[in-house]
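Spelled out from the first residue to the last, the chains are:
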Amino acid sequence: MKFKKLISLLTLFVVVTSSLLASDLNSIKEYKLKNGLTVILNEDKYASDVFGYVVTKAGAKEDPADQEGIAHYLEHMLFKGNEQIGTINWEKEKVYIDKIYALYEKLKSTKDKKEEAEIQKEINELSKEAAQYACQNELDKVLKDIGSTGLNANTSWDRTVYMNSFPDFQLEKWLKIYSDRFINPVFRGFQAELEVVFEEKNESLDNRNRKMYEELLAKVFEGHEYSRTVLGRVEHIKKPSLVAMKEFYDKYYVPNNMCLILTGNFSSTEAQPLIEKYFGRWEPKDLPKEEVKPVKDFKGGESLALKLGYSRRGSLVYRTVNNKHEDAVTLEFVAQLLSNSTETGLLDQLRLDKKVGGAYSSNMNLNDHGIFTIDYSPKLRKEVMIEKYKQTGRYEPVYESFNGAEKLILAQVKKLKNGEFEDWKIDAIKKDLIKDFDLSLENNVRMGILLGDVFQKGSDLNELKSYTAKIKSITKEDIVNCANKYLGNNYLALNAYEGKPKQKKIEKPGYEPIEPVAGNLSNYAKEIFETKNTNSKEDYVDFDKDFVCANIRDGVELYYAENPHNNVFSLRISYGAGNHQIKDLEYASGLMNYAGTLKRDISSLKEEFAKISCNYSIYSTDNELIVSVNGDEKYLDDALKLITELLLIPNLDEEKLELLVNSQISSRYYEKQNVGAVANALRQYILYGEKSDYLDRKTIDDLNKLLVSKLVGVYQDATSYGVEMHYCGAKDFNSVKQSIMSNLNFKSDLKPRCDKFSREMNKVENDEIYFVHDADAVQCNIFLFVNGEIFDPADLSKIMAFNNYFSGGFSGIVLQEIREKRSLTYGASAQYGFGLKSKPGYLLGGTKTQADKTVEAVKVFKDIIKNMPEKEDRIKNVKSYLTQSLMSGKPSFRSMTPTVSRWKELGFTEDLNHKMVNEINELQFEDIKDFYKKSIGGKPIAICIVGNKSKVDVKGLKQISKLKFISKSKLFSSK
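Keep in mind the model is a prediction, meaning the values are calculated, not measured.

### Remarks on the overall build of the protein
Of regular secondary structure, the protein possesses 38 helices and 25 strands. Its C-alpha atoms give the protein a radius of gyration of 29 Å, near enough to 30 Å, the size a compact globule of 975 residues would have. For the protein, the residues scored as buried account for 59% of the 975 residues in total. With an accessible surface of roughly 38,900 Å², the protein has 46% of that area assigned to carbon and sulfur atoms.

### With respect to the packing of helix α6 (residues 138-145) against helix α34 (residues 875-887)
For any two helices packed against each other, the geometry is given by the interaxial angle and the distance between the axes. Where α6 meets α34, the axes come as close as 7 Å, and the angle between the chain directions of the two elements is 50°. Judged by the angle between their axes, α6 and α34 are oblique. Across the interface between the two elements, Lys141, Lys144 and Asp145 from α6 touch Asn877, Ser880, Tyr881 and Gln884 from α34. Here the residues of the contact of α6 with α34 are counted per class, giving 1 nonpolar, 3 polar and 3 charged.

### Side note on the pattern of salt bridges
On inspection of all chains with the given rule, the structure shows 66 salt bridges. Across the salt bridge formed by glutamate 422 and lysine 425, the nearest N and O atoms sit 3.4 Å from each other. Residue glutamate 422 is classed as partly exposed on the basis of its relative accessible area, which comes to 35%. The partner of aspartate 767 in a salt bridge is lysine 862, and the shortest N-O contact between them spans 3.3 Å. With a gap of 95 residues between them, aspartate 767 in the loop between α30 (733-743) and β20 (768-773) and lysine 862 in helix α33 (residues 854-866) connect regions that are remote in the sequence. What makes aspartate 767 partly exposed here is its relative accessible area of 24%.

### A few points about the sheet that holds strand β5 (residues 160-166)
If you walk across this open sheet you meet the 6 strands as β1-β2-β6-β3-β5-β4, and the pairing is mixed. The outermost strands of the open sheet, each flanked by one partner alone, are β1 (29-32) and β4 (149-155). Averaged over all pairs of adjacent strands, the angle between their axes in this sheet comes to 10°, without regard to strand direction. Examined bridge by bridge, strand β3 (residues 50-56) and β5 share 7 bridges and lie antiparallel to one another. If you follow tyrosine 53 over to β5, its bridge partner there is methionine 163. In the packing of helix α3 (residues 70-77) onto the sheet, contacts are made with β4 and β5, and the angle to β4 comes to roughly 160°. Contacts from helix α7 (residues 171-181) reach β3, β4, β5 and β6 (258-264), with the element oriented near 160° to β5.

### Quick word on helix α5 (residues 113-130)
When the terminal C-alpha atoms of α5 are compared, their 25 Å separation across 18 residues agrees well with the 26 Å that a helix rising 1.5 Å per residue should span. Here α5 has its buried residues at Glu116, Ile119, Gln120, Ile123, Asn124, Leu126, Ser127 and Ala130. In the core, the buried residues of α5 are packed alongside α4 (90-109), α8 (190-205) and α10 (234-238).

### Focus: the UniProt feature "domain: Peptidase M16 C-terminal" (unreviewed entry) in the protein
Feature annotation in UniProt places "domain: Peptidase M16 C-terminal" (unreviewed entry) on residues 245-431 and 768-871, given in this structure's numbering. A distance of 46 Å separates the end C-alpha atoms of residues 245-431, which is 40% helix and 21% strand. Taken end to end, residues 768-871 has its terminal C-alpha atoms 28 Å apart, with 32% of it in helix and 34% in strand.

### Observations concerning the pairing of β3
The buried fraction of β3 amounts to 7 of the 7 residues, a majority that puts the element mostly inside the structure. Because side chains alternate across β3, one face comprises the buried residues Val50, Gly52, Val54 and Thr56, and the other comprises Phe51, Tyr53 and Val55, equally buried. Where β3 meets β6, 7 bridges bridge the pair, whose relative direction is antiparallel. Its bridge partner being in β6, tyrosine 53 is matched across the sheet by isoleucine 261.

### A look at the sheet that holds strand β11 (residues 491-498)
Strands sit in the order β7-β11-β8-β10-β9 across an open sheet of 5 strands; the sheet is mixed. Each edge of the sheet is formed by a strand with only one pairing partner; in this case those strands are β7 (301-309) and β9 (358-365). Strand-to-strand twist across the sheet, computed as the mean angle between neighbouring axes with direction ignored, equals 20°. Sheet analysis places β9 next to strand β10 (residues 370-377), joined by 8 bridges and oriented antiparallel. When the sheet's bridge partners are listed, methionine 364 is paired in β10 with isoleucine 371.

### Looking at the packing of aromatic side chains
This model, assessed by the stated rule, comprises 36 aromatic pairs. Pairing phenylalanine 221 with tyrosine 226 gives two aromatic rings, centres 5.3 Å apart and planes at 75°, and the pair type is edge-to-face. Judged by its relative accessible area of 1%, phenylalanine 221 falls in the buried class. Taking the centre distance of 5.5 Å and the plane angle of 90° together, the rings of tyrosine 694 and phenylalanine 972 count as edge-to-face. Highlighted residues: tyrosine 694 in the loop between α27 (675-688) and α28 (700-704) and phenylalanine 972 in the segment after β25 (962-965), separated in sequence by 278 residues. The burial state of tyrosine 694 is the same as that of phenylalanine 972; both residues are buried. Grouping aromatic residues by their ring pairs yields a cluster made of Phe79, Tyr162, Phe182, Tyr249, Tyr253, Phe279, Trp282 and Phe810. One residue, arginine 759, lies across the ring of tyrosine 688, its end atom 4.0 Å from the ring centre. Sitting over the ring of phenylalanine 965, lysine 949 keeps its end group 5.2 Å from the ring centre.

### Considerations on the confidence of the model for the protein
With 97% of its residues at a pLDDT of 70 or more, the protein shows a mean pLDDT of 92. Long-range and interchain partners of residues 1-23, a stretch whose pLDDT sits below 50, account for 74 contacts in this model, where long-range means more than four residues apart.

### Quick word on the pairing of strand β24 (residues 942-947)
Among the 6 residues of β24, 6 are classified as buried, and the element is accordingly described as predominantly covered. Burial of β24 is two-sided: the residues Ala942, Cys944 and Val946 facing one way and the residues Ile943, Ile945 and Gly947 facing the other way are all buried. Judged from the 6 bridges that link them, β20 and β24 form a sheet pairing that is parallel. Paired with isoleucine 769 across the two strands is isoleucine 943, which belongs to β24.

About the thresholds
- Residues numbered from 1 in each chain as written.
- Predicted model: local features only at pLDDT ≥ 70, side-chain atom pairs only at ≥ 80, totals over all residues.
- Heavy atoms only, no water.
- Helix = DSSP H or I, 4+ residues; strand = E, 2+ residues; numbered from the N terminus.
- Rg over C-alpha atoms; globule rule 2.2 N^0.38 Å.
- Buried < 20%, exposed > 50% of the residue type's maximum accessible area, 1.4 Å probe, protein only.
- Areas by Shrake-Rupley, 256 points an atom, 1.4 Å probe, with all protein chains shown as cover.
- Axes fitted to C-alpha atoms, helices over the stretch in contact; angles between N-to-C directions.
- Parallel < 35°, antiparallel > 145°, perpendicular 65-115°, else oblique.
- Contact = heavy atoms within 4.5 Å.
- Nonpolar A, V, L, I, M, F, W, Y, C, P; charged D, E, K, R; others polar.
- Salt bridge = Lys/Arg side-chain N within 4 Å of Asp/Glu carboxyl O.
- Pairing = 2+ DSSP bridges.
- Expected span 1.5 Å × (residues − 1).
- UniProt positions renumbered as here; feature names shortened; annotations may be inferred.
- Phe/Tyr/Trp six-rings, centres within 6.5 Å; stacked < 30°, edge-to-face > 60°.
- Lys NZ or Arg CZ within 6 Å of the ring centre and 35° of its normal.
- pLDDT = per-residue confidence, 0-100.

Structure, rendered in structure tokens:
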């Protein structure tokens, strides 16, 4: 349910389909039921499950002016059930719900603080009474019972969406449940859920970059609803109206304003009568007339200065068009010519030439309006920084001026407007967009979201199908005209300096926990649970047919899986040594992304890759050096030749090394100001001590002393180890093998791959709380850690069952106790993890909560880890969820071979899902209890907290465990 920036989704329409996929698009069915519900069905026989997606064309834009955030809050409440789901006696529960409705209206109108407190207390008492009839999180339980995964929802300005994946053999149950959830919803547990929304708002307040983005949009869309935040204002969230929420639901959650989308492995012929049966019951209503509020044009170079960033950043924002305008497609070409994934844009060149720290363009087209944004960071003044370091002993970023960076960027924009770019780039962009779109069409979730966006913007499939012709028709003249039309002299310039946003404190309300009645189960849920499946299907990996694994030469192993969808290949080359085995490899591998070859400089090399629509990246982990490549398989041989040229004869220079070092210097300076980074540093310190990534690293002095010649040697050393390759493409195995053998060169005498390494975790000897003070934190970031036992793959089914029971979404013990019962957090989890065989496992939990709730949150979290609540009645739901999700969880063709490789690493030579299904079917609740007692129960717990100690009850923490304060300086290397 988290708020997400929508730029990437909303620009998916500007991409096109390849001729290969035309038939796929033509097979998609779109129609309307008599009640006006739009239905879109996309069958994909290669998918392992089905993705269900329901879209409502209403979001934050439709919020009442005095109830901002109501669309998002309604999204939360539509997980609470209805008059059948989530209650054992609706008539009796309704008496209390109606009274709660009336009290919230009274709360909204009063301004007396004492009266507010009294009303909230009365609501709390009524909520406890109503809870006697409620079945907590029943929607989650019935969906899990049919093997649903990825249950979620989110709200944007223009729409709200609800989604999850499920096994194809549960199609009818899923359609029934999803149709029922939107009929006569009941906003039960409103007061408790309001606190959850508070915590989600608190999370946003701790993110300076998000706050900066919100401030920017507030200025850009001043006078329009897009200036609002999706989560709403604090003052509105504090006094929501259930009546306003019900009115919003009645107005917009109607079939003629909604869309049902199914993508995946199902039969449309089977689905259509079931959709009519269940969704045809919805009653249509007249929709309110849509009115698009205008926004004022910028006049000249308007400016906005903010002081709330982690680092210095600028933006140039131009007004463009909405997502239905014909220029939306051409604007994407404008954006790609400025910056793109192959780093061949006009702005990319500024960064590669070290003229700016970074510069990126994006095109955002919403339903009413659109903007084109260029984000950038000024260049660091390295010489000045070094001089200051000599005087102070500290590295602090010193930047070039915003004005200077803006002039450089505008000069590149002028080149675009003058048509000063090579013609081949247009063709390269077309190829790249086609490739990206092909990747969307092969993925259930991405395809469903894409189809949802088609509906949301008021379009239809015909427009989607015509993109190929549209893209092919776009010319250089079209692009130049479009750039001149929109990227003129009228824009808004944001200059964001380092600073802290003003925070609005949300006090802990002091509500008593809402205790659910154990075992409450509605007749609706009983019917779902008791209805047996007669058509269950199992689909597992066939180790003899679904992939190929072969040694194609000494030291080189090739895994191959066929891509039945399109002509996009993916190749992952893994050398068997990593950062642990080879010092400085992380810097060498990072620098390789800026390398040219003896034949071509970096710009020329990236141009050659762009011309064949090929992307590559090079990075390292503790145990591997990885080269990742993807592109149009038609150019596979060309891509392999270029990769060989890069890998065998890289040409690195000192200027590109400086780019890497400058990035490190900047991030290290600001990491102490980022609450999330501090929390991660504390967690790593407790887990690994001096081997934390934030401590066991080069100093800035040492970074400045790095030599290109040495890093080339480091990289070459890593390529001397055995290779494991994973290839997915449309070509057959022998053709791929031939291409690799002919065009991809490896060293003649490869060393054996190194044994896998994992860092040893510190041993927790006693219960202890480690607290790092951060005066700027709105919330407290909390982590809990318990040492486990040596990992034995034979315990894997028990680990899966425990994790689902203890922290499996809304039904898990963790969210039940911390969020649902006490409203202490927006999200919380605790999973038992493992890495390599014969290495210890561990329990790692985490949550965030406002400072004045910290003591209670820590106490509850610690207690459920020390003394796991035993709810034996949940074992049936756990087993049903795990077995069905595993039965439909066959890895996709693109993830097939990496998954198989991991299974082999654990010692399995058959589909692990199949083995787990058989074992889980035999599991009893005693197995979960035994695993818990052996691996977790009664063991000492290390608790990490980052927050503002002046707002936390320190005495209360001391009563829970021994408390130790740690300074930030101890978490980060000093220089």
